[in-house]
Every structure is written in C-alpha cells, then in structure tokens.
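Inside the fold
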Amino acid sequence: MKDDRVSSTELREAIRQNIVDVHLFFMDWFAGRLAPEDLEPAFLSQLDDRFFYIPPSGALVPKAAMADMFRAMHGADPALEIDIEDVALQHAMGTHALVTYREVQRGSVLSDKAENERLTTLLITTAQPFCWLSVHETWIDQAG
C-alpha cells in the first residue's frame, strides 16, 4: 500500500507558499492592481465559512465582516509591502495544522504604524487546496 502522508517539511513548505501567495494578493488588492471581482476567487474562497480573524486589537471578525472590510479597502494602501518570515509548523493534527509566522509590513497607511510587525497564528487544513479556518495576529513590540 502506498504511503500518501506528507512529511512535516513538505507540509510546512506548501503552507508557507500559500501564506506568501495570500499576502502577495493582499499587496495587489490594497494597491488596487486587482479587479473587485477577484476578491472571491483569489482570497475569500480559501476561507472556511466559519472563518474568523482576530486582529491585534483583539476584535473577533467573522468571514462576512472580513469580506466587507476588504471590499471597502480595495486600492486604499498602494504602498504597502509585506514580507513573511519565520513560518513554523507548530502542530499537525490529522486534517489540520497550527502555524505561526511573522508578518513584516512597510509603507502601510491602514495600520496604526506604517512600519509594523505581527506574530500571526493560523489554523489551516492540511489537504490542498488549503482552507483557512482562523487567523490571530499580535503586535510585535519593535522597541523590546
């Protein structure tokens, strides 16, 4: 019988690439380089119907509110640049994985600080195409 399991390294790399691709979408979306109708197929379709986002402020944002937020911010942050660093597969639990990564933003007009870093925790499915279940971001204090 063939073993179809994916190694932790392969899974981490595939998830890392998905995270990078989503953030490349964010940069194009916030710069207005994508058409409004691209939001659903390029991003929202990757989110579970019960998806929720917790921004650094601590609010709980369900998928529908996140979609509205993204529609309103189309083209609103044209100089935003995002780098993804330190992707770590913290737990792989059957069909789900818990991943952390550092998001470094520069040139943002929508964030409290134009230059900022966040530690992000992502709950995602392990089967491709990946489905994002939840995201929780915490500010990284650059002074300490």
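Residues numbered from 1 in each chain as written. Predicted model: local features only at pLDDT ≥ 70, side-chain atom pairs only at ≥ 80, totals over all residues. Heavy atoms only, no water.

1. Some details on the sheet that holds strand β6 (residues 132-139)
The strands that make up a sheet are held in pairs by hydrogen bonds between backbone atoms, and each pair lies either parallel or antiparallel. Strands sit in the order β2-β1-β6-β5-β4-β3 across an open sheet of six strands; the sheet is mixed. Each of the sheet's edge strands pairs with one partner strand only, and the pair in question is β2 (61-62) and β3 (81-93). Where β3 lies against strand β4 (residues 96-106), ten bridges are found, and the strand directions are antiparallel. Looking across to β4, one finds that Glu 81 is bridged to Arg 106. Where helix α1 (residues 8-31) meets the sheet, it contacts β3, β4, β5 (116-125) and β6, and its direction lies at approximately 145 degrees from that of β3. (Pairing = 2+ DSSP bridges. Helix = DSSP H or I, 4+ residues; strand = E, 2+ residues; numbered from the N terminus. Contact = heavy atoms within 4.5 Å. Axes fitted to C-alpha atoms, helices over the stretch in contact; angles between N-to-C directions.)

2. As for the pairing of strand β1 (residues 47-54)
Looking along a regular strand, one sees side chains alternate from face to face of the sheet. Relative to β6, β1 runs parallel, the two sharing four bridges. Among the inter-strand pairings, Ile 54 is bridged to a residue of β6, identified as His 136. Relative to β2, β1 is paired through two bridges, and the arrangement is antiparallel. Bridge pairing links Tyr 53 to Val 61 in β2.

3. Structural notes on the pattern of salt bridges
Using the criterion set out here, one finds twelve salt bridges in the structure. Residues Asp 28 and Arg 33 are paired through a salt bridge, measuring 2.8 Å at the closest nitrogen-oxygen approach. Given the relative accessible area of 27%, Asp 28 is considered partly exposed. Residues Glu 137 and Arg 118 are paired through a salt bridge, measuring 2.7 Å at the closest nitrogen-oxygen approach. Within this pair, whereas Glu 137 is found in strand β6, its partner Arg 118 is found in strand β5, the two being separated by 19 residues in sequence. (Salt bridge = Lys/Arg side-chain N within 4 Å of Asp/Glu carboxyl O. Buried < 20%, exposed > 50% of the residue type's maximum accessible area, 1.4 Å probe, protein only.)

4. Overview of the pairing of β4
Between β3 and the antiparallel strand that follows it, β4, lie two residues; Gly 94 among them carries a positive phi value of about 65 degrees. Where β4 and β5 come together, ten bridges link them in antiparallel fashion. Note on β5: the bridge partner recorded for Ala 97 is Ile 124.

5. Considering the packing of aromatic side chains
What the rule picks out here adds up to eight aromatic pairs. Centroid distance Phe 26 to Phe 43: 5.1 Å. Interplanar angle 80 degrees. Geometry classified as edge-to-face. One end of the pair, Phe 26, is in helix α1; the other, Phe 43, is in the loop between α2 (39-42) and β1, and 17 residues separate them in sequence. The residues Phe 26 and Phe 43 share a single accessibility class, namely buried. With centroids separated by 5.3 Å and ring planes inclined at 45 degrees, the aromatic side chains of Phe 26 and Phe 70 adopt a geometry described as tilted. Of this pair, Phe 26 sits in helix α1 while Phe 70 sits in helix α3 (residues 63-72), and the two are 44 residues apart along the sequence. With respect to class, Phe 26 is no different from Phe 70; both count as buried. (Phe/Tyr/Trp six-rings, centres within 6.5 Å; stacked < 30°, edge-to-face > 60°.)

Shape is all these values report; function is a separate question.
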